[in-house]
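Letter by letter, the chains look like this.
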Amino acid sequence: MGHQLLRNKDIQSHYINQLSSKFLYPNQHFYNTSSSNSLYTNYSMANSSDNNNNEIVTEMDGLYRIYKNGRVDRLYDRNDLLTYVPPSLEDPTTGVSSKDVTISPHVSARLYLPKNTTNSTQKLPILVYYHGGGLVLGSAFFHSYQRYLNILVSETNAIAISVEYRLAPEHDVPTIYEDSWTALQWVASHASEKFTNANEDQWLKNYGDFSRLSIFGDSAGGNIVYHMAMRAGKEGGINKNVTINGSILVCPYFLVPLENIEQSVSYKNWIVISSPSEAGLHSPMINPLAEKAPCLSQFGCSRSLLCFAEKDEYIPKEIGIQFVEGLKKSGWKGNLEFIEVEGEGHCFQLANPETEKSQNLIKRFASFIQLK
């Protein structure tokens, strides 16, 4: 992907200096870190004496820098929300337990189990979660997601699998979708009654209710959720035993033709990370209503909850309205809930999960996941 970015130099140069430093969390200051997408992401700085490491080929203010040797520095917020935290045997606030698992050589996840589950024979809903960050930032192992998933799992009384997928620009966008599908298939593989391989997890095997499997994502994660549901619809489920019951898309990273949309940070980011053939609003990867996009009647879940924020500066609520209209017109047979949160910006619930609006939203998610 780094070489592809060099080939797209003329396209990128139009946008590089215009990119905002506020893509992941608004109103915060950013600093330089470098990362690799292993189970425990390495954020150490490169050796400053290595001139090759320090020659910048492409720089996108506020998002990342690409160096001559292919290294990428991500520009994350200095506060604790965007730093790695380990899993916890018991979260002191919610009592939720968490642990990390390796799914494949390229995909890992953090699993969450509600309090007192081991003393019960009750089967629990399953929630597969995809984090946001414009497909270039973020991690399932960041404090922000650890905190949010603890609260979400406690409220929903569900087992959650927060997926760590590879990121652009080191990897192309289809690779991100493939990683996400690999994680979903791994979860679904636990539906058989017997243990079939050493890579299976006892939490999922012993406590998961596969008739209540939902997929959930914010921002870029919402885009991933859409593509997972479309693939499941095309293939008749995740596997022969498991289908997606529900999908939750919060401020999903979609782009459709709107006035001034090409001036948005979201659009400029897409132009940089996408391949030449997909760099625009015509791409079904970013525009589910594009002419070449598959029919939304294939949306492979029976229920969906779509949430937008009234003052979202990155994904305008009008995109959500158009997507809802497109889903209805397609002949999709599922049940759809649409939520617009007044007075809030992009993915506000992650930065401030304790506020009244965030808590009310989590309760809506819980009812949806629990089939109430």
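All of these numbers come straight from a predicted model, not from anything done at the bench. (Residues numbered from 1 in each chain as written. Predicted model: local features only at pLDDT ≥ 70, side-chain atom pairs only at ≥ 80, totals over all residues. Heavy atoms only, no water.)

### Topic: the pairing of strand E11 (residues 301-309)
Quick note on the threshold: Each residue is placed in one exposure class: buried if its accessible area under a 1.4 Å probe, protein chains only, is under 20% of its type's maximum, exposed if it is over 50%, and partly exposed if it falls in between. Helix numbers and strand numbers start at the N terminus; a helix is a DSSP run of H or I with at least 4 residues, a strand a run of E with at least 2. Following DSSP output, two strands are said to pair if at least two bridges run between them. Orient the strands so they point away from the viewer; a crossover is then right-handed if the path from the first strand over the helix to the second runs clockwise.
Of all nine residues in E11, eight are buried; the element is thus mostly enclosed. Two strands pair when backbone bridges link them, and strand E10 (residues 244-250) and E11 are joined in this way by six bridges, in the parallel orientation. When the bridges of E11 are listed, leucine 249 appears paired with leucine 306. With helix H7 (residues 265-273) bridging E10 and its parallel neighbour E11, the resulting β-α-β unit is right-handed. Inspection of the sheet shows E11 paired to strand E12 (residues 335-341) by seven bridges, in the parallel sense. The residue bridging alanine 309 from the neighbouring strand is valine 341, located in E12. As for the winding sense of the linkage, the β-α-β connection from E11 through helix H8 (residues 317-329) to E12 is right-handed.

### Things to note about the nonpolar core
Note the cut-off: As used here, the term nonpolar core means buried Ala, Val, Leu, Ile, Met, Phe, Trp, Tyr and Cys residues forming a set that is joined through side-chain atoms within 4.5 Å. The contact definition used throughout considers only heavy atoms, calling two residues in contact when any of these lie within 4.5 Å.
Residues Ile161, Leu184 and Leu213 are the most contacted members of the largest nonpolar core, which totals 80 residues. Broken down by element, the residue count for this core peaks at nine residues, all from helix H4 (residues 173-188). When near neighbours in sequence (up to four residues on either side) are disregarded, leucine 213 contacts Ile126, Leu184, Val187, Ile238, Val242, Thr243, Ile244, Asn245 and Gly246. Counting 29 residues, the second largest nonpolar core, distinct from the first, contains Tyr129, Ile151, Phe348 and Leu361.

### Re the confidence of the model for the protein
When pLDDT is low, close inspection of the predicted coordinates is not appropriate. Going by this rule: pLDDT is a per-residue confidence score from the predictor, ranging from 0 to 100.
Counting all residues, the mean pLDDT for the protein is 85, and 84% of those residues have values of 70 or more. Taken as a whole, residues 1-49 scores under 50 in pLDDT and shows 136 contacts with residues more than four places along the chain or in a different chain.

### Re the pattern of salt bridges
Selection criterion: Only one rule defines a salt bridge in this text: a Lys or Arg side-chain nitrogen within 4 Å of an Asp or Glu carboxyl oxygen.
A full pass over the atoms with the stated rule returns 15 salt bridges. Where glutamate 55 meets lysine 68, a salt bridge forms, and the shortest distance between an N and an O atom there is 3.9 Å. Placement of glutamate 55 in the loop between strand E1 (30-34) and strand E2 (56-60) and of lysine 68 in the loop between strand E3 (64-67) and strand E4 (72-77) is noted, with a sequence separation of 13 residues between them. The salt bridge involving aspartate 209 is made with arginine 212; its shortest N-O contact spans 2.8 Å. A single burial state applies to aspartate 209 and to arginine 212, both of which are buried. Three or more residues are tied together by salt bridges with common partners; here these are Glu178, Arg231 and Glu235.

### Describing the side chain of serine 98
Heads up, the rule is: Under this definition, polar contacts are N or O atom pairs within 3.5 Å; protein pairs additionally need one hydrogen-donor-capable and one acceptor-capable atom, and for neighbouring residues in sequence, both atoms have to be side-chain atoms.
Residue position: serine 98 is located in strand E5 (residues 97-102). On the basis of relative accessibility, which here comes to 4%, the residue serine 98 falls in the buried class. Within the structure, serine 98 has its side chain in polar contact with the side chain of glutamine 146 (distance 3.3 Å). Those residues in contact with serine 98, other than ones at most four positions away along the chain, are Pro87, Ser88, Arg110, Leu111, Tyr112, Gln146 and Trp203.

### Re the sheet that holds E5
For the record, the criterion: The axes used here are C-alpha line fits, helices contributing only the stretch in contact, and every angle between their N-to-C directions lies in the interval 0 to 180 degrees.
Spatial strand order, E5-E6-E8-E7-E9-E10-E11-E12: eight strands in an open sheet with mixed pairing. What marks the edges here is a single partner per strand, and that holds for E5 and E12. Put simply, the sheet's adjacent strands are angled 20° from each other on average, direction ignored. Two strands pair when backbone bridges link them, and strand E7 (residues 124-130) and strand E9 (residues 208-218) are joined in this way by six bridges, in the parallel orientation. Paired with tyrosine 130 across the two strands is glycine 217, which belongs to E9.

### Remarks on the side chain of arginine 166
Structurally, arginine 166 is set in the loop between strand E8 (159-164) and H4. The exposure class assigned to arginine 166 is buried, which follows from its relative accessible area of 15%. Among the polar contacts listed, one links the side chain of arginine 166 to the side chain of histidine 106, at a separation of 3.3 Å. Polar side-chain contacts of arginine 166 include one of 2.8 Å to the side chain of aspartate 179.

### A closer look at the pairing of E7
Counting buried residues in E7 gives seven out of seven residues, a clear majority hidden from the surface. Of the strand pairs in this sheet, E7 and E8 are connected by five bridges, and their pairing is parallel. Its bridge partner being in E8, leucine 127 is matched across the sheet by alanine 160. Between the parallel pair E7 and E8, the chain is carried across by helix H3 (residues 143-156), and the sense of this crossover is right-handed.

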